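Listed below, chain by chain, are the residues.
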Amino acid sequence: MPKLKIIFLIICLLMLLLSGCSPSKGNDWTQKFSHLLGDDYRITLYSGGNAVREWQLRDGIVNYEERDDGWFFSCKKHLVIIRGEEIVIEPLIYSQQQVENPIICN
C-alpha cells in the first residue's frame, strides 16, 4: 500500500510540473517536451488582413529568435524564415485552412 501512495504522489508531482501556470505564458517544461517531440501546426502569413501563404507543419517545431521579429521552421528539408507582424501560428487540429493550396511540410 505505501508503494501505491508513493507512485501516486510522483504522478501528481509530474502533472503539477508539466501543467502551465497561465495559457498566455505557458510552461517551460511543456514547451521543452513539445520541442522535443514536435507538434502539428498551421502557420499563416497575412498581408492587409488577407491570408497570402500557409504552411501545414506535421510533427515539426516552430522556433523564434530572442530580440527578433522572425519565426523559423523546417519544411521539405528547407529552412523557412518568416518576418512580420501578421503571422498566425496555431495547432493544426483547431484551425481552418485559409488559402487554396497550402504548403504541406511533412
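As the structure is a prediction and not an experimental result, all values here were calculated from the model.

Draft legend 1. The sheet that holds strand E2 (residues 50–60), seen in detail. Across the sheet, which stays open at both edges, the 4 strands sit in the order E6-E1-E2-E7 with mixed pairing between neighbours. Each edge of the sheet is formed by a strand with only one pairing partner; in this case those strands are strand E6 (87–91) and strand E7 (103–105). When the angles between neighbouring strand axes are averaged without regard to direction, this sheet yields 20 degrees. Note: strand E1 (residues 39–47) against E2, 8 bridges, orientation antiparallel. Across the sheet, the residue bridging to Leu45 is Arg53, located in E2.

Draft legend 2. Quick look at the sheet that holds strand E3 (residues 63–64). Strand order across the open sheet formed by 3 strands is E3-E4-E5, with antiparallel pairing between neighbours. With one partner strand each, in any of the chains shown, E3 and strand E5 (78–83) form the two edges of the open sheet.

Draft legend 3. Molecular detail of the side chain of Gln56. You can see Gln56 is positioned in strand E2. Sequence-distant contacts of Gln56, defined by excluding residues within four places in its chain, comprise Tyr41, Arg42, Leu92, Gln97, Pro102, Ile103, Ile104 and Cys105.

Draft legend 4. Just the pairing of E5, in detail. Across 6 bridges, the pairing between strand E4 (residues 70–75) and E5 is antiparallel. The residue of E5 that forms the bridge with Phe73 is Val80. Remark: 2 residues form the turn of the hairpin made by E4 and E5, two consecutive strands paired antiparallel; Lys76 in that turn has positive phi of roughly 55 degrees.

Criteria and cut-off values
- Residues numbered from 1 in each chain as written.
- Predicted model: local features only at pLDDT ≥ 70, side-chain atom pairs only at ≥ 80, totals over all residues.
- Heavy atoms only, no water.
- Pairing = 2+ DSSP bridges.
- Helix = DSSP H or I, 4+ residues; strand = E, 2+ residues; numbered from the N terminus.
- Axes fitted to C-alpha atoms, helices over the stretch in contact; angles between N-to-C directions.
- Contact = heavy atoms within 4.5 Å.

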